[in-house]
Amino acid sequence: MLHNLKKWLKWKKTNKEELLLENIPKHVAIIMDGNGRWAKKRGLPRVAGHRAGMKSVTEITRAAHELGVEVLTLYAFSTENWKRPKDEVDFLMKLPQDYLASELEDLVQKNVQIRLLGTEEGLPSHTLQALFEARQRTEQNTGMILNFALNYGSRAEIVQMVKEISSKVKSEEIDSDQIDEKLVGQFLHSSEMIDPDLLIRTKEIRLSNFMLWQLAYTELWFIDVYWPDFRRENFEQAILEYQRRVRRYGTVKEDS
Ligand code: IPE
Ligand code: IPE
Ligand code: MG
């Protein structure tokens, strides 16, 4: 695996491999990490890293749209991120508004559909309002789905699913024999979307409570780059690597 941009550009020059537009991952999910460390390295407060990370969000969203990605999920705030200092949390909760104030018109034009993945309860009303407005304005769009995973935690999502299914079993709306993988999937926040084909994480090699159910057969790709430094070239690098993988789903394939 190639880990930095310079190496990648050199590799690209010599290998001349091109992205196959017919094999673009349909759903790409990204754990955007390293904002705080990016800022620290520059002697700046952590929040400066979050601000800088917004530029990457804009660039990667545009790239995903241009390449024909159908669903882009961005992990922006986990259920565990509430444990951070209040100032940082407050800053993070204002970012969706700032991002949408500058990008919403462009996203509307691009036929993008904005969605929210996570628990609405607990999010400040100003954050929710901005996201609801964006969701409503893009409701009729038919293009790429842009999912913001905000106040999202996979375990919380699973617990909620178990509660909902068990209450339906209790009220006899569902028979316990009917519980299967499909039904479980229908009770998750992600019920209306396909599972991610490709997961990208910057800076760390772990899932940090992200889509534990949905990532069962996702291709994982990690890069040692801070999210604010993550560029379109890195995104293409991830997709190229994805195109070189053989997805077996437990079966045997002739070319592997
Ligand atoms: C990712 O960057 C953004 C969020 C988790 C909200 P971090 O803030 O986690 O940055 P590091 O990992 O501390 O560098
Ligand atoms: C994961 O990053 C959450 C988001 C990117 C939103 P964290 O920075 O919170 O993860 P850990 O604490 O390093 O596992
Ligand atoms: Mg982090």
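Values in this document were obtained by computation on a predicted structure and should not be read as measured data.

Draft legend 1. Representation of empty space enclosed by the protein. Under the criterion given, the structure shown has one cavity of 30 Å³ or more. Of the voids in this model, the largest cavity is the one considered here, and its volume is about 40 Å³. In terms of lining residues, the largest cavity is bounded by Thr 58, Thr 61, Arg 62, His 65, Tyr 99, Glu 103, Asp 106, Leu 107, Lys 110, Val 112 and Met 144. Looking at the lining of the largest cavity, the elements that each hand over two or more residues are helix H3 (46-67) and helix H4 (86-109). Its residues assigned to classes, the lining of the largest cavity shows four nonpolar, three polar and four charged.

Draft legend 2. Region of the structure containing the site of ligand 2. Around ligand 2, the neighbouring residues are Ile 31, Met 32, Asp 33, Tyr 75, Ala 76, Phe 77, Asn 81, Arg 84, Arg 201, Arg 206 and Ser 208. In this structure, Asn 81 approaches ligand 2 through a side-chain N or O atom, which is 2.9 Å from an oxygen atom. Within the contact set of ligand 2, an oxygen atom lies 2.6 Å away from a side-chain nitrogen or oxygen of Ser 208. With the chains in place, 78% of the 390 Å² that ligand 2 exposes on its own is no longer accessible.

Draft legend 3. Structural view of helix H6 (residues 154-170). Under the 1.5 Å per step criterion, the end-to-end length of H6 is 24 Å for 17 residues, consistent within 8% with the ideal 24 Å. Among the residues of H6, those classed as buried are Ser 154, Glu 157, Met 161 and Ile 165. In a view along the axis of H6, the buried residues occupy a sector of 60°, so they form one face of it. Seen from the open side of H6, the exposed residues pointing more than 90 degrees away from its buried face are Arg 155, Lys 163 and Lys 170. Those residues of H6 that are buried are in contact with strand S4 (145-152) and helix H7 (181-186).

Draft legend 4. Here's a closer look at the pattern of salt bridges. Applying the stated rule across the entire model yields 23 salt bridges. For Asp 90, the salt bridge is made with Lys 86, and the minimal N-O distance between the two is 2.8 Å. Taken together, the residues span about one helical turn, with Asp 90 and Lys 86 both in helix H4 at a distance of four residues. The class of Asp 90 is partly exposed, set by a relative accessible area of 28%.

Draft legend 5. Unusual backbone geometry, seen in detail. Unusually for a residue other than glycine, Asn 111 sits at a positive phi of about 70°. Tracing the chain through its elements places Asn 111 in the loop between H4 and strand S3 (113-117). Phi at Ser 208 is positive, roughly 45°, even though this residue is not glycine. Following the sequence through the fold, Ser 208 ends up in the loop between strand S5 (198-202) and strand S6 (219-223).

Calculation notes
- Counting of residues starts from 1 at the beginning of each chain's written sequence and follows it residue by residue.
- Going through the entries in the order they are written, you letter the chains from A and number the ligands from 1.
- Given that the model is predicted, a residue must reach a pLDDT of at least 70 before its local features are reported, and side-chain atom pairs must reach 80 or more before they are shown or counted; all residues, however, enter totals for whole chains, interfaces and linings.
- The side-chain quantities take in all heavy atoms of the structure and omit both hydrogens and water.
- Cavity means a closed set of points on a 1 Å grid over the protein atoms alone, one where a 1.4 Å probe fits but cannot get out, pocket means an open set with protein on both sides within 12 Å along at least 5 of 7 lines, and lining means a residue has an atom within 4 Å of a point.
- Grid points are joined across faces, edges and corners, and a volume is the space filled by probe spheres set on the points.
- Per the convention used, a helix needs a DSSP run of H or I reaching at least four residues, while a strand needs a run of E reaching at least two, with both numbered from the N terminus.
- Here the term charged refers only to Asp, Glu, Lys and Arg, the term nonpolar to Ala, Val, Leu, Ile, Met, Phe, Trp, Tyr, Cys and Pro, and the term polar to all other amino acids, Gly among them.
- Throughout this document, a residue counts as near a molecule or strand when at least one of its heavy atoms sits within 4 Å of that molecule or strand.
- By the criterion applied in these results, polar contacts are pairs of N or O atoms within 3.5 Å in which, for protein atoms, one can donate a hydrogen and the other can accept it, and in which residues neighboring in sequence qualify only through two side-chain atoms.
- For accessible areas, the Shrake-Rupley method is used with a probe of radius 1.4 Å. Any residue's cover is judged against the shown protein chains and nothing else.
- Each residue after the first adds 1.5 Å to the expected span of a helix.
- Buried residues are those whose accessible area, probed at 1.4 Å on protein chains only, stays under 20% of the maximum for their type, while exposed residues exceed 50% and partly exposed ones sit between those limits.
- The arc in question is the one spanned by the directions pointing from the helix axis to the C-beta atoms.
- Residue contacts are defined here by distance: any two heavy atoms, one from each residue, within 4.5 Å place the two residues in contact.
- One side-chain nitrogen of Lys or Arg within 4 Å of one carboxyl oxygen of Asp or Glu is enough to make a salt bridge.

Read these as spatial facts, not as claims about activity.
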